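Listed below, chain by chain, are the residues.
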Amino acid sequence: GRDRQGGRMEKVLLRHARALVPPLGSARAGYKGQAGKIGVLGGCAEYTGAPYFAAASALRAGADLSHVFTTHQAAQVIKTYSPELIVHPYLFESATVIDDNDRASTSGRRELADRAVERVSEWLPKLSCLVVGPGLGRDPLVLLQAELVMAKALEMRVPLVVDADGLWIWSNSDTFDAEPFKPKSQAVVLTPNAVELRRLERRYGENLSASLGGEVVVVEKGAMDRVCAGDGPPVVVSEGGSPRRCGGQGDVLAGCIGTFLSWAAAGAAGSSGEGEDSEAAEISRDAKVASAFAGSLLTREASRAAFEERGRSMVCGDVVEEVGPAFSRLFEA
């Protein structure tokens, strides 16, 4: 009975996800940017691949534009990966801007962080979704900037996908407050792996989505992904995937969810009669769940196809290349 019920739920979510997709050439995708302007806040000197994989996957899933907001040290490297990405070198890293004598200066760190957040915030109203976390690293100054940008995005009702080191802020930052992220008017999806989930549950309690009030959607990544919202049974996504656990597949997932969540936001604005420049309309919890489910299914199908082609030599770039064909099979069949 439970398996049949789960199968029915997956079919319902797949129909919902397909309905979110804006037909090319339609009024929902008639000009550049209308089908999604995704921002990725991530990257640092050590980790430049993760924000690229997230931003590129958002494009391959069908978003029109992808912005990467990253550190000065990472920006030039990421620019060389692809001319498709708009890369903003706004964030500061401790090692390059703070002398050893000033490393403990809270006021100095905050002044730099505020300067970076101001520059990123100028772009937030233009974005349809912001992905926070891929490749951020653990530099306290970088994490402070990311924490402040999340708060700004929340004020502007920009949908959020939080992954990787963005989740470290949720689980470990003494100054982070999850309360403003809980209302149903916000659209927030968290994508923890098993280790990140344990950290989050230690802070907020088991059944993470319910512990966060039920409106924050949680995608528990694993051999089978579990999409959780509130007290209801999780949606288990078991199709596709591969036994090859190369790095970067979580970044692909975050980017794909970002694209679907931006379409959900556009659909909510359209159904409420609000224009694109008005305050963001409320995205239903069903639409948030459908977006998370679609991103998971799409990533797993791309991974399956890449592994079928490449086997043990599969790397994340192969998965990104399969996102487009996988999308066509799943959502445009």
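Cut-offs used in this document
- Residues numbered from 1 in each chain as written.
- Predicted model: local features only at pLDDT ≥ 70, side-chain atom pairs only at ≥ 80, totals over all residues.
- Heavy atoms only, no water.
- Helix = DSSP H or I, 4+ residues; strand = E, 2+ residues; numbered from the N terminus.
- Buried < 20%, exposed > 50% of the residue type's maximum accessible area, 1.4 Å probe, protein only.
- Contact = heavy atoms within 4.5 Å.
- Areas by Shrake-Rupley, 256 points an atom, 1.4 Å probe, with all protein chains shown as cover.
- Lys, Arg positive; Asp, Glu negative; His and termini not counted.
- Charge placed at Lys NZ, Arg CZ, Asp CG, Glu CD.
- Core = buried A, V, L, I, M, F, W, Y, C linked by side-chain atoms within 4.5 Å.
- Pairing = 2+ DSSP bridges.
- Axes fitted to C-alpha atoms, helices over the stretch in contact; angles between N-to-C directions.
- Parallel < 35°, antiparallel > 145°, perpendicular 65-115°, else oblique.
- Left-handed = near helix turned anticlockwise from the far one by under 90°.
- Arc of directions from axis to C-beta.

(A) Just the overall build of the protein, in detail. For the protein, the count of helices and strands is 12 helices and nine strands. In terms of principal-axis extent, the alpha carbons of the protein reach across some 65 × 45 × 45 Å. Evaluated residue by residue, the protein yields a buried proportion of 55% over its 333 residues. If you take every contact in the protein between residues at least 6 apart in sequence, the share linking residues at least 24 apart comes to 73%. For the protein, the accessible surface area stands at approximately 14,700 Å², while carbon and sulfur atoms represent 49% of it. Each charge class in the protein can be summarised by its mean position, and for the 37 positive and 43 negative side chains these summaries are 5 Å apart.

(B) The arrangement of the environment of Phe92 in detail. Assignment of secondary structure puts Phe92 in the loop between β3 (85-91) and α4 (94-97). On a C-alpha basis, the gap between Phe92 and Gln73 in space is 8.5 Å, while along the polypeptide they are 19 residues apart. Apart from the residues lying within four places of it in its own chain, the contact partners of Phe92 are His72, Val97, Leu112, Arg115, Ala116, Leu141, Val142 and Gln145.

(C) A look at the nonpolar core. Counting residues in hydrophobic clusters, the biggest one holds 68 residues, and the most contacted among them are Val227, Phe260, Leu298 and Phe331. A total of 12 residues in this core trace back to one element, the largest contributor, which is helix α10 (residues 249-271).

(D) Fine view of the sheet that holds strand β7 (residues 217-220). The strand order across the open sheet built from nine strands is β3-β2-β1-β4-β5-β6-β7-β8-β9, with neighbouring strands paired in mixed fashion. Both outer strands of the open sheet, β3 and β9 (235-237), are each paired with one neighbouring strand and no more. Geometrically, the sheet is characterised by an average inter-axis angle of 20° between neighbouring strands, direction not taken into account. Across four bridges, strand β1 (residues 37-41) lies against strand β4 (residues 129-132) in parallel orientation. Bridging across to β4, Val40 finds its partner in Val131. Relative to β3, helix α5 (residues 106-121) is tilted by about 155°, and along the sheet it contacts β2 (65-71) and β3.

(E) Here's a closer look at the packing of helix α2 (residues 49-61) against helix α12 (residues 316-331). In contact at an axis separation of 8 Å, α2 and α12 are set at 20° when each is read in the N-to-C sense. Between α2 and α12, the interaxial angle falls into the category roughly parallel. In the packing of α2 onto α12, the handedness of the crossing is right-handed. In this structure, α2 uses Phe53, Ala56, Ser57, Arg60 and Ala61 to contact α12, whose residues at the interface are Cys316, Gly317, Val320, Glu321, Val323, Gly324 and Phe327.

(F) Representation of helix α3 (residues 72-81) within the structure. Ala74, Ala75 and Ile78 are the residues of α3 that are buried. Taken down its axis, α3 places every buried residue within 110° of arc, on the same side. Turned more than 90 degrees off the buried face of α3, the exposed positions are Gln76 and Thr80. Turning to α3, the residues buried within the fold contact α2, β2 and β3.

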